[in-house]
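Observations on chain architecture
As a plain string of letters, each chain reads:
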Amino acid sequence: MKVRFIFILFCLIIFLPGKVFSQVVTVKDIVSLEPVPGVTIRSSEHTETLFTNSKGQVDISGFKGSKMVVFTHINFITRPFTWDELVKNNYTIYLTEKVVSTSEVIISANKFEENSEDVAQPVQVISARDLTFMSQPTTADVLSNSGNVLVQKSQLGGGSPIIRGFETNRVLIVIDGVRMNNAIYRGGHLQNVITIDNSMLQRLEIVYGPGSVIYGSDALGGVMHFYTKNPLLNDTAGVNFSGQAYTRYSTAMNEKTGHFDFSLGGLKFGSLTSFTYSDFDDLRQGYNRNQLYGDWGYRPFYVERFNDQDSMVANPSWNLQKQSGYSQYDLMQKFIYKPSDGILHTLNLQYSTSTNINRYDRLTQMSGGLPRFAQWYYGPQQRLLASYSLQITDSVVMFDHARFTIAYQQIEESRHDRRFNKNILNHRTESLNIFSFNADFAKKIEDHEIRYGIDGWYNDVQSSAYAEDIIADTTGTLDTRYPDGGSVMQSYAAYLSHSFEISEKWILNDGVRFSYVNLQANFDDTSFFPFPFSSVEQNNMAVNGNLGIVFMPNKQWRFTLLGSTGFRAPNVDDLGKVFESIPGNIVVPNPDLKPEYSYNADFSVSRIFHEKVQLSAGVYLTYLTHAIVTQPGTFNGADSILFDGELSKVTMSMNAANVYVTGTHISLKAEVTESFFITSDFNYTYGRIITDTIPYPLDHIPPVFGKTSFNLALNKFRGEFFVVYNGAKKSKDYNLNGEDNYTYSADPVNGYMPAWMTLNLRASYQFNKNIQLQMSLENIADTYYRVFASNISAPGRNFIVTLRGRF
């Protein structure tokens, strides 16, 4: 009996001390029930500060009996609890996400974590929670839901972001510190952003305005920096296994998406595996339309081939945009190794590919009463990324934080077209091998924060083409889109940025960058186009800088003023492309192009009322010299040449005299109650090319647009009713030589892109920590509309249901 008593007492001492002598509190998001790491916990009677771990847990037994325990997090509303309340809640605390915040941690502005209130440049952060709640089919759709980025589409499998009137090769896309922009990013519309799987994003940061000092060429309108999730390491011995999966269905495009990811993590090593598959059928546009639109946007026919003969087939449903569907696969594998607290190794592998994607706008074009094309599609868009990074947070003389990244990207894209009732199918393929490196450092010296680094990238472009006779099963030669002898573009740069906290009210931001860019292109075969040159080589150098000031007279007011310069060096697409941009217009190479330079001013003011309402407004001006725009030109003295059997007007990229873009952004955030809040964003942009007479419209300038949301966050529930709107794009504001697609995207009756508005509703309910159901109803009124410069109509009424599981 005595032995049994001793044994029981021993077991109690060994196995129950956590229950008897410690109180582990768990902090969760009130909506998603996900753990909240990094919560600061303080007691009114103790000087010690505690923090929750990756599981949202921390032992607070040392605070036992405290009158007040306060839970604080930068992204959540602060909550105080008495000790009795903690016991009553079984040591589980629920926090509500904050809407109005004076500070937020951002990374992309200067490549290292810093407080947003210390940065003069506007930065928008979209968190993983918001990305999940949006439940959008592509990353392009995520950007369009931001309220501040307009997204153009030429086909369902596309999405070209416009930031402050700049698009494509004038805005920079970065993923996990590696720039995606390459030597053939064009001045038209790009679909590359859809190759980023938004299911695996930890956060998205959008930097508005030039980012040339930190990122170099191309970052004129802004930077979109995508950060993918990392494996979760375990806080104790053993292996931590977690994961999630979801399936989504939407009606407007009969979308069927499936995703899973799982993480394995020990004390030092972690692995994260992710896979997403999406299948989209043909997109149905809105049914309710203005009677003045006539047949605008209808799809009365499509082309099919019967017995080796092309035929126009009647479409039984004119609102169904036939031949717009496609499928996509995204895979990511990430490994991390953390041998010590100050060292982190990361190996990042990403792969994205798709089926063929029909270019919808080209398949709807007519010529002589018949379809212009029987086939026009992009081949599978393949993106492979392999990167290795080393992060060091052990402080030494030269830095407190260092990050080294080397990366390789392999990109392949292709274009395939065949005229109606013709047997020749043209194939043009571009392959790129891209190498890059970054070395970035940060050092804090008293009130000074210094960031500096070097970076470089190398692009090898190979362009090939051939013509296929689909009847005779033979092939022939064909002109390539880019120089057939291959092209190389490379850049090397060094930068230095600095922040100085002059006082609690004044913060100075400044920086400088030196860049060198080299381009070589070889035209081996000039039989199709007798160019007066066989090769092109350019060497360009640029020095860019910025100077900004942040003034915070008190906790309610914040003023920023920023001046900066930027540049963009001509790339292979600018210099060497031969392409039909719009029917009847052919773009030819211009080896005399020079870099374009921007001079920018940015002013903003923000006011917080009663810590519940935040109103912000900003104005900006960008003055672009030697701006590269598409204008009429000549080829060997002729203003028109034969291309693909048609006489086409010659255009080329040229350095226009000067260009200016100006605009304003207004934002409202209001916490009406702890559970109900309102957000609203409004954007206006105006751009012109300066001429000797009347300034001419600059292309890519969106109309007035914005988004207003009414949000509800309750226990396990989140709901949002939101309105998305675009103003009209008047005919006088279109650039007829550029990429605005006036002929095919504008309403032919009224002669301009009409204004539109959609009403939308979405909600999620977290049944328990493992199961969540999401439902959305977009474009409730089933309104017919097109986004500016888009050649495919937007979705009609769209019901979306998503079922998510965590384990």
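Residues numbered from 1 in each chain as written. Predicted model: local features only at pLDDT ≥ 70, side-chain atom pairs only at ≥ 80, totals over all residues. Heavy atoms only, no water.

**Focus on the overall build of the chain**
- Helices and strands together make up the secondary structure of the chain, namely 9 helices and 54 strands.
- Taking 2.2 N^0.38 as the reference for a compact globule, 807 residues should give roughly 28 Å; the C-alpha atoms of the chain span a radius of gyration of 28 Å, in line with that estimate.
- For the chain, the spread of C-alpha atoms along the three principal axes comes to 105 × 60 × 50 Å.
- Expressed as a percentage of the 807 residues in the chain, the buried residues total 56%.
- Relative to all contacts within the chain whose residues are 6 or more apart in sequence, the contacts with residues 24 or more apart total 66%.
- When the accessible surface of the chain is split by element, carbon and sulfur atoms take 60% of a total near 33,300 Å².
- Put simply, the chain has 68 plus and 78 minus side-chain charges, and the middle of one group is 7 Å from the middle of the other. (Helix = DSSP H or I, 4+ residues; strand = E, 2+ residues; numbered from the N terminus. Rg over C-alpha atoms; globule rule 2.2 N^0.38 Å. Buried < 20%, exposed > 50% of the residue type's maximum accessible area, 1.4 Å probe, protein only. Contact = heavy atoms within 4.5 Å. Areas by Shrake-Rupley, 256 points an atom, 1.4 Å probe, with all protein chains shown as cover. Lys, Arg positive; Asp, Glu negative; His and termini not counted. Charge placed at Lys NZ, Arg CZ, Asp CG, Glu CD.)

**Digging into a nonpolar patch on the surface**
- Judged by side-chain polarity, Leu347, Leu349, Tyr388, Ile406, Phe437, Ile454 and Tyr492 come together as a nonpolar surface patch covering roughly 580 Å² of accessible area.
- Along the chain, the position of Phe437 falls in strand β33 (residues 424–445). (Patch = residues over 30% accessible without salt bridge, like charges linked within 9 Å, V, L, I, M, F, W, Y side chains within 5 Å. Salt bridge = Lys/Arg side-chain N within 4 Å of Asp/Glu carboxyl O.)

**Considerations on the packing of aromatic side chains**
- In the structure shown here, the tally under the stated rule is 26 aromatic pairs.
- Taken together, a centroid distance of 6.0 Å and an interplanar angle of 25° make the contact between Phe269 and Phe335 stacked. One end of the pair, Phe269, is in strand β20 (residues 269–280); the other, Phe335, is in strand β25 (residues 326–340), with 66 residues separating them in the sequence.
- When the centroid spacing of 6.4 Å and the interplanar angle of 25° are considered together, the rings of Phe710 and Phe721 count as stacked. On the criterion of sequence distance, the pair formed by Phe710 in strand β50 (residues 705–714) and Phe721 in strand β51 (residues 717–726) is long-range, its members being 11 residues apart.
- Using a relative accessible area of 33% as the deciding quantity, one classes Phe710 as partly exposed.
- Given a relative accessible area of 32%, Phe721 falls into the partly exposed group.
- Aromatic rings pair up to connect Phe241, Phe260, Phe262, Phe275 and Phe807 into one cluster. (Phe/Tyr/Trp six-rings, centres within 6.5 Å; stacked < 30°, edge-to-face > 60°.)

**Focus: the sheet that holds strand β6 (residues 76–81)**
- What the 4 strands build is an open sheet, ordered β3-β2-β5-β6; its pairing is antiparallel. Whereas interior strands pair on both sides, the edge strands pair on one side only; in this sheet they are β3 (49–51) and β6. Pairwise comparison of adjacent strand axes, ignoring direction, gives a mean angle of 20° for this sheet.
- By the bridge criterion, 4 bridges tie strand β5 (residues 69–73) to β6 in an arrangement that is antiparallel. Its bridge partner being in β6, Phe71 is matched across the sheet by Arg79. (Pairing = 2+ DSSP bridges. Axes fitted to C-alpha atoms, helices over the stretch in contact; angles between N-to-C directions.)

**Notes on the nonpolar core**
- Counting 51 residues, the largest nonpolar core has Leu143, Ile173, Ile206, Met224 and Phe226 as the members making the most contacts within it.
- Listing elements by their share of this core, those giving two or more residues are α4 (128–134), α5 (139–144), β14 (171–175), β16 (201–208), β17 (222–228), α7 (360–363), β30 (373–378) and β47 (658–671).
- Looking at this core element by element, the count peaks at 4 residues for β16.
- Here Leu143 is in contact with Val149, Val151, Pro161, Val193, Leu204, Ile206, Met224 and Phe226, once residues within four sequence places are set aside. (Core = buried A, V, L, I, M, F, W, Y, C linked by side-chain atoms within 4.5 Å.)

**Focus on the environment of Phe533**
- Secondary-structure assignment places Phe533 in the loop between β37 (506–522) and β38 (535–551).
- What makes Phe533 buried here is its relative accessible area of 17%.
- Sequence separation of Phe533 and Thr560 is 27 residues, and the distance between their C-alpha atoms is 49 Å.
- Setting aside chain neighbours within four positions, we find Phe533 in contact with Phe523, Pro589 and Pro591.

**Some thoughts on the sheet that holds β16**
- Within the open sheet, the 5 strands sit side by side as β10-β16-β17-β14-β15. Their pairing is mixed. Edge positions in the sheet fall to β10 (123–127) and β15 (178–179), since each of these pairs with one other strand and no more.

**Things to note about the pattern of salt bridges**
- One pass over the structure, following the stated rule, counts 36 salt bridges.
- Residue Asp602 pairs with Arg164 through a salt bridge whose shortest N-O separation is 2.6 Å. Taken as a pair, Asp602 in strand β42 (residues 596–609) and Arg164 in the loop between β12 (160–163) and β13 (166–167) lie far apart in primary sequence, 438 residues in all. Pair check on accessibility: Asp602 and Arg164 agree, each one buried.
- The partner of Asp310 in a salt bridge is Arg305, with the nearest N and O atoms 2.8 Å apart.

**Regarding a negative patch on the surface**
- Negative charge collects at one region of the surface, where Glu446, Asp447, Glu501 and Glu504 lie side by side.
- By secondary structure assignment, the location of Glu446 is in the loop between β33 and β34 (448–469).
- A residue is classified by how much of its surface remains accessible, and Glu446, at 70% relative accessible area, is exposed.

**Let's talk about the environment of Ser108**
- Here Ser108 lies in the loop between β8 (105–106) and β9 (114–115).
- As a C-alpha pair, Ser108 and Gln202 span 94 residues in sequence and 14 Å in three-dimensional space.
- Not counting residues up to four positions away in its chain, the partners in contact with Ser108 are Val123, Glu205, Val207, Tyr215, His225 and Tyr227.

**Looking at the side chain of Asn181**
- Inspection of the secondary structure puts Asn181 in the loop between β15 and β16.
- A polar contact of 2.9 Å, which involves the side chain of Asn181, links it to the backbone oxygen of Val171.
- For Asn181, the side chain forms a polar contact with the main-chain nitrogen of Ile173, separated by 2.8 Å.
- Excluding anything up to four places from it in sequence, Asn181 contacts Thr168, Asn169, Val171, Leu172, Ile173 and Asp218. (Polar contact = N/O pair within 3.5 Å; in protein donor to acceptor, adjacent residues only side chain to side chain.)

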